[in-house]
Every structure is written in structure tokens, then in C-alpha cells.
Amino acid sequence: MLTTDPYDDDHLRDECGVFGIYGHADSSALAALGLHALQHRGQEAAGIVTYDGEQFHAHRGLGLVSDNFSNKDIIASLVGHSGIGHVRYATTGEVAIRNVQPLFADFEFGGLAICHNGNLTNSYHLRRQLVRRGSIFQSTSDTEVIVHLIATSLKETVEERMVDALRQVEGAYSLVALTQTGIIGVRDPLGVRPLALGKLGDAYILASESCAFDIIGADFVRDIEPGEIITIGAHGLKSLKPFGRHRRRFCVFEHIYFARPDSVVEGLSVYDVRKRIGAELARESSIDADVVVPVPDSGVPAALGYSVESGLPFELGIIRNHYVGRTFIEPTDQIRHLGVRLKHSANRGHLAGKRVILVDDSIVRGTTSTKIVDMVRNAGASEVHMRISSPPTSYSCFYGIATPERDKLLASRFDIAGMTKFIGCDTLAFISIDGLYRAMGEPARDPAAPKFCDACFTGDYPIPLADHDAGKVSTQLSLLSETI
Ligand code: AMP
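All figures in this text were calculated on a predicted structure; none of them were measured in a lab. (Residues numbered from 1 in each chain as written. Predicted model: local features only at pLDDT ≥ 70, side-chain atom pairs only at ≥ 80, totals over all residues. Heavy atoms only, no water.)

Chemist: Can you explain the pattern of salt bridges? Please cite residues and give values.
Modeler: The tally for this structure, following the rule as stated, stands at 21 salt bridges. One salt bridge in this structure joins Arg377 and Asp426, with 3.1 Å as the shortest N-O distance. With Arg377 in helix H12 (residues 367-378) and Asp426 in the loop between helix H14 (416-423) and strand S22 (427-430), this residue pair connects regions lying 49 residues apart in the sequence. Owing to a relative accessible area of 30%, Arg377 belongs among the partly exposed residues under this scheme. In this structure, a network of salt bridges that share partners links the residues Glu280, Arg283, Glu284, Glu309 and Arg438. (Salt bridge = Lys/Arg side-chain N within 4 Å of Asp/Glu carboxyl O. Helix = DSSP H or I, 4+ residues; strand = E, 2+ residues; numbered from the N terminus. Buried < 20%, exposed > 50% of the residue type's maximum accessible area, 1.4 Å probe, protein only.)

What follows is the structure, encoded as C-alpha cells:
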């Protein structure tokens, strides 16, 4: 059976976190800690591959980092001064171990392990060509397309082969690879997904977010530049920019929801951006109310910003149970509804008789908002005003954030009045796209040259969608049926 997205069953998407380390005796333990800090980026599976100068060592498994890397013997078996690791998001109802990264392959030049955060938009086409030329795929992950392109390249060195391979792929990717000579980090030419460089003593580190440096006491050095390939080895650090100049289009949704608030990405504190969005939202759509309540956890910084700007008190009127996975993990609608109730509960004393402003980061299908509004009303709130710290999500993401097909997005089905009715709140308002840009330090969105990828809100897709436009799925054909 194909591994598919649970919402639209025709699209596999990977939301992930990547980590790499070169030059430390405890590389596997540090990688496990780094992945632990990146756990919010992926809870479906985790894996680490290390290299000890002679051999590669790998451990991969389904589940959380703590499920797979708490055992001292496992960490001790991952010998070596260099290593890479990966956490993968639960976007699939059916999970296959063969898709767990890092992927590993033996090439003419030696072994290579690779992991990827993002989504290729022409992988169906590339995969077909490769299969026609004799490539035999082991997984359904689009990362394996990159592995085969490296394998079939006629170039000499691993870096040249990597460049050769990446010239053929389209999409969003932050890659971390492990070779017999070091580690390699790559960001796609537009820099849609994040990747940063850190240092711990003499060791170099690559990670999706700076929170992975903080957990191990490493220093943040800089973001990897869009289109940059950085090789780290005995030679030190080497930077290549083989893809020419492009305007950067970092994913705005990383700031809104996906990245951890204590991370600094692309020079901006995620927490501060979210607070500023809340303040903008208060200015743009103020309303008389008694209390500002976040939908935890993702709505908290924006609600704080809203409260400070509006002068209305901030209260934790909803309490989140941290031992339930994110709603998006649940594979069926029925369970997803149940998941929302399991996850949040009303703090009645701060809701009863109050006019409540509820702040959340986004509305996707509307499931969460509907349940939360119902819960807040049942707790006795006299009015419920929903404020959302992103513009309406009207378009699907094809660059690595799991979103359902367009027709399942609430904002593509209804206008504001329709959404308000669907959710059952008294009023509903979203931050404007210009307000969002202002919160990120821009005067407004320049439609001729937007600074971010905001395709989910504007439909302005900066990277061609070859597979999608051709009506092709970007998952790959497989004869294997593997479920865990
Ligand atoms: P929904 O219930 O479908 O409207 O989803 C909205 C909720 O899911 C919000 O509370 C968001 O915090 C959260 N959310 C938004 N985008 C994602 C995503 N790509 N993955 C997981 N959760 C998300």
C-alpha cells in the first residue's frame, strides 16, 4: 500500500527536523539531545547515523526521540565523531519503517547518509525517469530521489554529485548529509525551510532551529544561506553557492506556528514575531471584551501580544494536556475530534460570564476552533471572539507543511461570515497579510517581491509545482506493502 497523506490521500508530505554534528566524541548523545529539542518538528519517527572513521552506525525507529534514544546501549553503539539525525512528522495514517530517515546508501565514492526537511515538487517526474533507467527504490520518500540522483551522477566528488543532483530537483529542502569525510548542509535556492550552523568547542553543528544548539550549550553561528552548500570536515568549513542568485522566500508559517518560540530563525526571534503579530491583531480588529485567552500552546505568544496592546487581561482560560499528541497526528476524523477534547479543557473560573477573546495561530479545517468555541461557551462565556494570528489559510502547502487538499481548508470553503457561522463564534478576525509582514519587520507585503513564502495565504507559489500541475502525486509507486 502507498504511504499517503491522511487528509487527501494523494500527497505525501514531510515536516521534519534535521541535525548534524562533526568533530565530537559524543556525537550520538548530542544528536539525540538536538533531536529532542526538535521534537516539535516531527513525532512519527526518529533516526541517527554516525561514522567512526571506518564504519557507519545507524539506529532508526518509529515514535519519539525518547522512545528510540533513551537507552544508553543504543547511544553507545552509535560510535563516531560525526553524525546526523532526523525527526519526522506524523503526516501519514500508515507509517512505514522504510521511510524513516536518515536514508543510507553505498556509492562508488563510499557511504552516504542523508536526511531532509521539506518537500520536492517534481519528485514524481524524477522518480519515473530514474526507475526507467533502472533505479530500484526502497522507500516512498522523495528524499530517496536525491539519493538516486547522486548515485547516477557521473561527477567525481560527493559535493559535485550533490550539486548535480540538486540542479535537477525542484522544491523546498534543507538537507543534512553524512559522508566518510564529514557532514554537508544544504538549503534550497529560496531558503524555504530553515537550517542553521552552530559551534560547540571545536565541533560544528547543523540544525533546523537554534533551540537544538541551546539544549547542548552550543553557540549559534549563522543561518545557512539559501542555495548554500556547506561542507564540514578535516579541512574546516567550505561554502559553495552553485545555484545562482535567487530572492529568498523563507516560510512564513515557521514563524506563525511551526518553529519553537525560543528559536531565532532567519534573524528573528520566533516568540517576538508571534507577540508582535498579536499586537498587530489587536490594532487591526479590536473589540470590547473582558479577557484574552490563548488556545494553548501555539496561541500563547500572540495572545500575550494582543493583551498587552489592548490592555485587556490575559488569562489561561484553556488548559492543555501535554500528554496527548497534536490533533494532526490522529489518522481519522472521528479520532481527531476526540483528540481535541482530550487535549484542551476549560478553566471555568476565567470564562464564566466573560466576553472572551480567543487567540489561536491558524484555522485549517476548523475542527479545533469549533470544539474550543463550543467548550468555552459551555463553560459560561457570554461572548466568544476568535482572533487568528495568521491570514486565512486558503491554499495547500507543497513545500513541507502538512495541509489538507484545498477543498478541505475552511477558508477556501467559506468567507469570514461563513467561517464565523461554522465555528460558532460571535466574531472572527484574521491578521491581514500586511499586518503579518509588519510583525516581521517589513513595511508591508510587496506583491512584486514578497520577502517570504506565504503561498498558503496568497496562492503565490514561488517554486513550480510540476507534479501537482500534471495531476501527479509526489508519492511513488511501490509494490511493497509495509505497515507498522
Ligand atoms: P484545524 O483544527 O484543522 O482548523 O487546525 C487548526 C489547528 O491546528 C490550530 O490550532 C493550529 O495550531 C494547528 N495547526 C495548524 N497547522 C498545522 C500543521 N501543519 N500541523 C499541525 N498542526 C497544525
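So much for the structure itself; the text now carries on.
Chemist: So what's going on with the site of the ligand? Residues and values would help.
Modeler: Within the structure, the ligand sits among 17 residues, and Asp360, Asp361, Arg365, Gly366 and Thr368 are positioned closest to it. The side chain of Ser298 places a nitrogen or oxygen atom 3.1 Å from an oxygen atom of the ligand. Between the ligand and Asp361 there is a distance of 2.5 Å, counted from an oxygen atom to a side-chain nitrogen or oxygen. Burial of the ligand by the protein amounts to 96% of the accessible area it has alone, namely 500 Å². When contributions to the shell around the ligand are tallied by element, the ones reaching two or more residues are helix H8 (252-258) and H12. Its residues placed into classes, the shell around the ligand shows 8 nonpolar, 5 polar and 4 charged. (Near = heavy atom within 4 Å. Polar contact = N/O pair within 3.5 Å; in protein donor to acceptor, adjacent residues only side chain to side chain. Areas by Shrake-Rupley, 256 points an atom, 1.4 Å probe, with all protein chains shown as cover. Nonpolar A, V, L, I, M, F, W, Y, C, P; charged D, E, K, R; others polar.)

Chemist: Talk me through the sheet that holds strand S17 (residues 291-294); I want residue IDs and the actual numbers.
Modeler: Two orientations exist for strands paired in a sheet by backbone hydrogen bonds: parallel and antiparallel. Taking strand neighbours across the sheet as the criterion, the 4 strands line up as S17-S20-S21-S22 in an open arrangement whose pairing is parallel. The open sheet has two edge strands, S17 and S22, and neither has a second partner. Strand-to-strand, the axes of this sheet are offset by a mean angle of 20°, without reference to chain direction. As judged from the 6 bridges shared by strand S20 (residues 355-360) and strand S21 (residues 383-388), these two strands associate in the parallel manner. Each residue of the ladder has a partner; that of Val356, found in S21, is Val384. (Pairing = 2+ DSSP bridges. Axes fitted to C-alpha atoms, helices over the stretch in contact; angles between N-to-C directions.)

Chemist: Please provide a residue-by-residue account of the packing of helix H4 (residues 123-132) against helix H5 (residues 143-152), values included.
Modeler: Packing of H4 against H5 brings their axes to within 10 Å, and their N-to-C directions diverge by 45°. Judged on the interaxial angle alone, H5 and H4 are oblique. Crossing handedness for the pair H4 and H5: left-handed. In this structure, H4 contributes Ser123, Leu126, Arg127 and Leu130 to the contact, and H5 contributes Val145, His148, Leu149 and Thr152. (Parallel < 35°, antiparallel > 145°, perpendicular 65-115°, else oblique. Left-handed = near helix turned anticlockwise from the far one by under 90°. Contact = heavy atoms within 4.5 Å.)

Any functional reading would require information that these geometric values do not contain.
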